[in-house]
Amino acid sequence: MYLSLSNITQQKNHSARTLVMPLPGNLILLNGLDIESAHQQEHMIFNSLITGIAIILLLGAIGGFIIGISTIKKINLINETIREIGQGNLSLRVPTRGSDDDYDLLAININQMLDQINKLMQGIQNISNNIAHDLRTPLTRLRGHLESIEKNSDNESANDIREALLETDNLLSTFNAMLRINKVESGANKGHFTHLSLDRLVSDVVEFYEPLAEDKEINLSVKTDAPYSIDADRDMLFQVFTNLLDNAIKYTPKQGNISVDICCINKNSTDNIRIEIADSGIGIPEGEHKKVLEPFYRLEKHRDHQGNGLGLSLVSAIINLHKGNIEFQDNHPGLRICINLPRSNNSVVS
Ligand SMILES: Nc1ncnc2c1ncn2[C@@H]1O[C@H](COP(=O)(O)OP(=O)(O)O)[C@@H](O)[C@H]1O
Ligand SMILES: [Mg+2]
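This is a predicted model, so every value here is computed, not measured.

Moving on, we get to the sheet that holds strand S6 (residues 257-265). The 5 strands are arranged S4-S6-S7-S9-S8 in an open sheet whose pairing can be described as mixed. Among the strands making up the open sheet, the edge pair consists of strand S4 (219-224) and strand S8 (325-330). Each strand axis lies, on average, 15° off the axis of its neighbour in the sheet, ignoring direction. Two elements, S6 and strand S7 (residues 272-279), share 8 bridges in a ladder whose sense is antiparallel. What sits directly across from Cys263, in S7, is Arg274. Packing against the sheet, helix H6 (residues 234-250) makes contact with S4, S6, S7 and strand S9 (335-342), and its axis sits at approximately 25° to S7.

In the vicinity of ligand 1 lie 19 residues, with Asn247, Asp279, Arg298, His302 and Leu312 positioned nearest. One of the side-chain nitrogen or oxygen atoms of Tyr251 is found 2.9 Å away from an oxygen atom of ligand 1. With respect to ligand 1, the backbone of Leu312 contributes an N or O atom lying 2.8 Å from an oxygen atom. Isolated, ligand 1 exposes 530 Å² of accessible area, and the fraction of that covered by the protein chains is 98%. Judged by its atoms lying within 2 Å of the grid points, ligand 1 is housed in the second largest pocket. Among the secondary structure elements, those contributing two or more residues to the shell around ligand 1 are H6 and helix H7 (311-321). If one sorts the elements of the shell around ligand 1 by residue count, H6 sits on top with 3 residues. For the shell around ligand 1, the residue count by class is 9 nonpolar, 7 polar and 3 charged.

The next subject is the pattern of salt bridges. Scanning the entire structure with this criterion turns up 13 salt bridges. A salt bridge links Asp101 to Arg97; the nearest nitrogen and oxygen atoms lie 3.5 Å apart. Linking Asp246 and Lys250 is a salt bridge whose minimum nitrogen-to-oxygen distance equals 4.0 Å. Of this pair, Asp246 and Lys250 both sit in helix H6, 4 residues apart, which is roughly one turn of that helix. One network of salt bridges, with partners in common, ties together Arg274, Glu276, Glu327 and Arg336.

Here the focus is unusual backbone geometry. For the bond from His332 to Pro333, the omega torsion is 0°, close enough to zero to count as cis. With respect to the secondary-structure elements, Pro333 resides in the loop between S8 and S9. Within the chain, Asn26 stands out as a residue other than glycine whose phi angle is a positive 55°. Structurally, Asn26 is set in the loop between strand S1 (16-23) and strand S2 (27-34). The exposed category is assigned to Asn26, whose relative accessible area is 82%. Even without being a glycine, Lys323 presents a positive backbone phi close to 60°. With respect to the helices, strands and loops of the structure, Lys323 is situated in the loop between H7 and S8. In this structure Lys323 comes out as exposed when scored by relative accessible area, which is 70%.

The rules we used
- Residues numbered from 1 in each chain as written.
- Chains lettered and ligands numbered in written order.
- Predicted model: local features only at pLDDT ≥ 70, side-chain atom pairs only at ≥ 80, totals over all residues.
- Heavy atoms only, no water.
- Pairing = 2+ DSSP bridges.
- Helix = DSSP H or I, 4+ residues; strand = E, 2+ residues; numbered from the N terminus.
- Axes fitted to C-alpha atoms, helices over the stretch in contact; angles between N-to-C directions.
- Contact = heavy atoms within 4.5 Å.
- Near = heavy atom within 4 Å.
- Polar contact = N/O pair within 3.5 Å; in protein donor to acceptor, adjacent residues only side chain to side chain.
- Areas by Shrake-Rupley, 256 points an atom, 1.4 Å probe, with all protein chains shown as cover.
- 1 Å grid on protein atoms, 1.4 Å probe; cavity = no way out; pocket = protein on both sides within 12 Å on 5 of 7 lines; lining within 4 Å.
- Sits in = over half its atoms within 2 Å of the grid points.
- Nonpolar A, V, L, I, M, F, W, Y, C, P; charged D, E, K, R; others polar.
- Salt bridge = Lys/Arg side-chain N within 4 Å of Asp/Glu carboxyl O.
- Buried < 20%, exposed > 50% of the residue type's maximum accessible area, 1.4 Å probe, protein only.

Encoded structure:
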């Protein structure tokens, strides 16, 4: 190997591949090849490889993170939509982006399934609607016949006929309630919204029920902390408070108490009006609060009272139409039903 002097003075060590060969005359032949540059190249290639792998790993991690976030976002969106649909907003659909990827396909399939479920539900609703609709006419005719028989009958059979008339009236009112609920829920009856005084409307209903409360020696009171106006369908809201007061009087024993309070909740934000109807009856167990809003659901202990189990379903349909909500609370003893309705900003009342 040939080493330059300058290299020797700088004392730089170079790697070399050498071949040592003994020669005759006690001589040694040392043959060497400087492989320092090859070593350096090897180092460079190794470093480049490590850097390359590190960059690939980093890019992979960043890419994976971005893909992961967008996947989670898409799944969250699907979850959120399905949760809202599960809570009763059946018209909602999972949004698609037209990207033809797996998520779009999943969203399309979910939406098709929801459309199919909706169609089946509408079919069932139409059947019950048609039954209610078609049976009303023969029932009304039957009622007419019974009335004319009652007129020409003796005292003894008149009582039986009167009972038959009562049963016919109950059936007719059940069919009418079914049709009314269906109209409100399907959107066929959108309501005739006017600006009205809520406290006046509630007072009118309370006044209407005072004689019935007096008959049962029930103390019925109404209180409001301020005048409240609201955009609503007068007849529908009248029906709501009629049904609620009818229940309160029906399910409260003699000499009980019923109070109706109108107040404002959330004074600082989008004002809501709250109407609380509290009675001192036996109330509804917490586990059945939601169930009593379903059509025909009646508590076992109340089955001997007159009714069809549709009153609260109609209340629920009307309150939903008015963008309000219903809460049930224990009144210790009795039931407290709270109706929350959005307040109107318009101050002129019709
Ligand atoms: N104020 C109340 N106190 C106790 N139970 C009530 C009250 N209001 C309603 N309920 C229960 O909820 C059921 C459903 O009410 P509703 O739909 O009005 O039907 P109904 O025709 O039986 O009055 C009733 O059958 C009764 O068991
Ligand atoms: Mg009722």
